[in-house]
Amino acid sequence: MNVHAAALTKAYPFDEATSAFAGDVIGDLARHPKRLSPKYFYDAAGSELFEQITVLPEYYPTRTELGILRDRAAEIAAIIPEGAALVEFGAGATTKVRLLLEHCEFGAYVPVDISGDFLKAQADGLRKDFPALGIYPVAADFTAPFALPEAVAAMPKVGFFPGSTLGNFEPNEAAAFLRSARNILGHGAQMIIGVDLEKDERVLYDAYNDAAGVTARFNLNVLARINRELGGNFDLSGFMHRSIYNRDRHRIEMHLISRKAQTVRILGNTFAFRPGESIHTENSYKYSLERFTALARSAGWSVRESWTDADGMFSVHALTAE
């Protein structure tokens, strides 16, 4: 327990996850420029807001990826070994994984997520609809090494990483994740992965600056979470959401911009903000098919198949571990 965690216990229930949250927030806000990790978007309120984002008319990734998975389900099923264990890295809403489970003959499903309570709820729901399927949740940080359940040790392995989450990693981090996933799944394993593609900048801008302001509320919620869980005193009205496309780095950047000079206190630490100063909260890298293929190869994967929608907005890839 660090000193910030010790202070927090006086007023708030304390656990290891809160300690990690506190340490990351304090360290990242002390940086120049300031930042916050996007993994902290997803508390209960943030997860609900993100589900609202996925059905917005401007936000194409979710519906486009679902369309690819539906249209190509038979082709995906044809390359999946019968009786394989499906390992989902960062298990979320079950809509996409259900498409695979309905069309492929899997022997087991291993959802991996840092939230044990969330995993249990998702697993319980799937067990009702797939009673013959062995479901073995693993509560772990999927970006770090973890052990697969013994029950799936002898099964062929297929990783699943939908939702363009790979784009939230810096390119070197994306390569490191793919290498880690390869090591976890083993030689000859496969991976089904969603990757957002480069496209018209206006489409990207609108997707991350929706007219209804849901993405803005999602971005600002990380400050509300700091207030709720760490006793911070952020004035949310003092910050505004901004998303921009960085053409040189092929990425959307999300920021929270201070509207005024202000000071924020968190666990005895003081952070001063200038008018116009940014907290960089997320990147979402967009790939060409060629750049993604090169990234996968650098991490020990070969691209077996690639599928896109008719407009070339999004891609789904079947990888094989070399």
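Keep in mind the model is a prediction, meaning the values are calculated, not measured.

> How should I be thinking about the overall build of the protein in this particular structure?
Across its full length, the protein holds 11 helices and 14 strands. Here the C-alpha atoms of the protein give a radius of gyration of 20 Å, agreeing with the 20 Å that 2.2 N^0.38 yields for 322 residues. In terms of principal-axis extent, the alpha carbons of the protein reach across some 60 × 45 × 35 Å. Per-residue burial for the protein yields a buried fraction of 52% across its 322 residues. Summed over all atoms, the accessible surface of the protein reaches about 14400 Å², with 52% contributed by carbon and sulfur. On the protein, the mean spot of the 33 positive side-chain charges and the mean spot of the 40 negative ones are 5 Å from each other.

> When you look at the nonpolar core in this model, what are you seeing that I'm missing?
Nonpolar side chains in soluble globular proteins generally cluster together in the buried interior. Within the largest apolar cluster, 36 residues are counted, with the highest numbers of intra-cluster contacts made by Leu-223, Phe-234, Ile-266 and Ile-279. Looking at this core, the elements that each hand over two or more residues are α2 (16-29), α3 (44-54), α9 (201-208), α10 (214-230), β8 (239-246), β9 (251-258), β10 (262-266) and β11 (269-273). At seven residues, the largest contribution of residues to this core is made by α10. Setting aside residues up to four positions removed in sequence, Phe-234 forms contacts with Leu-29, Leu-223, Ile-226, Asn-227, Phe-239, Val-264, Ile-266, Phe-273 and Ile-279. Listed in part, the 35 residues of the second largest apolar core include Ala-85, Phe-89, Phe-292 and Ala-299.

> Sorry, what's going on with the sheet that holds β8 here?
Backbone-to-backbone hydrogen bonds join strands into a sheet, with any given pair of strands oriented parallel or antiparallel. The four strands lie next to each other as β1-β12-β9-β8, forming an open sheet whose pairing is mixed. A single partner strand is all that each edge strand has here, and the edge strands are β1 (34-35) and β8. Where β9 meets strand β12 (residues 278-285), seven bridges bridge the pair, whose relative direction is antiparallel. Directly across from Ile-257, in β12, lies its bridge partner Ser-278. Contacting β8, β9 and β12, α10 crosses the sheet at an angle of about 60° to β9.

> What's the story with the packing of α3 against α10 in this structure? I'm lost.
Any two packed helices are characterised by how steeply their axes cross, that is the angle between the axes, and by the distance between the axes. Relative orientation of the contacting elements α3 and α10 amounts to 175°, with a least axis distance of 9 Å. When the axes of α3 and α10 are compared, the pair comes out roughly antiparallel. Residues Ala-45, Gly-46, Leu-49, Phe-50, Gln-52 and Ile-53 of α3 form the contact with α10, whose own contacting residues are Val-214, Thr-215, Arg-217, Phe-218, Asn-221 and Arg-228. Looking at the contact of α3 with α10 residue by residue, the classes come out as six nonpolar, four polar and two charged.

> Even after reading the chapter, I still don't get the packing of aromatic side chains, so can you show me in this structure?
The relative placement of two aromatic rings is captured by the distance of their centres and the angle of their planes. In total, this model carries 19 aromatic pairs according to the counting rule given. On the basis of an interplanar angle of 85° and a centroid distance of 6.3 Å, the ring pair of Phe-41 and Tyr-42 is categorised as edge-to-face. For Phe-41, a relative accessible area of 1% translates into the label buried. Each member of the aromatic cluster is reached from another via a ring pair, and the members are Phe-41, Tyr-42, Phe-50, Tyr-59, Tyr-208 and Phe-218. Sitting above the plane of the Phe-273 ring, Lys-34 keeps its charged end 4.8 Å from the centroid. Across from the ring centre of Phe-21, 4.5 Å away, lies the NZ or CZ of Arg-225, which sits over that ring.

> Explain unusual backbone geometry here, please?
Excluding glycine, residues mostly have negative phi values, and the peptide bonds linking residues are mostly trans. Cis geometry is found at the peptide bond from His-32 to Pro-33, where omega equals 0°. Structurally, the position occupied by Pro-33 is in the loop between α2 and β1. A positive phi angle, near 60°, is found at Ser-164, a position not held by glycine. By the secondary structure assignment, Ser-164 is in the loop between β6 (157-161) and α8 (171-185). What makes Ser-164 buried here is its relative accessible area of 7%. Of note, Leu-267 is a non-glycine position whose phi angle comes to about 50°, a positive value. Structurally, the position occupied by Leu-267 is in the loop between β10 and β11. Accessibility expressed as a relative area gives 17% for Leu-267, which makes it buried.

> Would you mind going over the pairing of strand β3 (residues 108-113) with me for this structure?
For a regular strand, side chains alternate in direction, first toward one face of the sheet and then toward the other. β3 sits mainly inside the fold: six of its six residues count as buried. Where burial is concerned, the two faces of β3 agree: the one with Ala-108, Val-110 and Val-112 and the one with Tyr-109, Pro-111 and Asp-113 are both buried. Of the pairings in the sheet, the one linking strand β2 (residues 85-89) to β3 comprises five bridges and is parallel in character. Counted as the bridge partner of Glu-88 is Pro-111 from β3. After leaving β2, the chain enters helix α6 (residues 95-103) and then returns to the sheet as β3, a path that is right-handed. Relative to strand β4 (residues 134-135), β3 runs parallel, the two being bridged by two bridges. From the neighbouring strand, Ala-108 faces β4, where its bridge partner is Gly-134.

Thresholds applied
Residues numbered from 1 in each chain as written. Predicted model: local features only at pLDDT ≥ 70, side-chain atom pairs only at ≥ 80, totals over all residues. Heavy atoms only, no water. Helix = DSSP H or I, 4+ residues; strand = E, 2+ residues; numbered from the N terminus. Rg over C-alpha atoms; globule rule 2.2 N^0.38 Å. Buried < 20%, exposed > 50% of the residue type's maximum accessible area, 1.4 Å probe, protein only. Areas by Shrake-Rupley, 256 points an atom, 1.4 Å probe, with all protein chains shown as cover. Lys, Arg positive; Asp, Glu negative; His and termini not counted. Charge placed at Lys NZ, Arg CZ, Asp CG, Glu CD. Core = buried A, V, L, I, M, F, W, Y, C linked by side-chain atoms within 4.5 Å. Contact = heavy atoms within 4.5 Å. Pairing = 2+ DSSP bridges. Axes fitted to C-alpha atoms, helices over the stretch in contact; angles between N-to-C directions. Parallel < 35°, antiparallel > 145°, perpendicular 65-115°, else oblique. Nonpolar A, V, L, I, M, F, W, Y, C, P; charged D, E, K, R; others polar. Phe/Tyr/Trp six-rings, centres within 6.5 Å; stacked < 30°, edge-to-face > 60°. Lys NZ or Arg CZ within 6 Å of the ring centre and 35° of its normal. Right-handed = clockwise from strand over helix to strand, strands pointing away.

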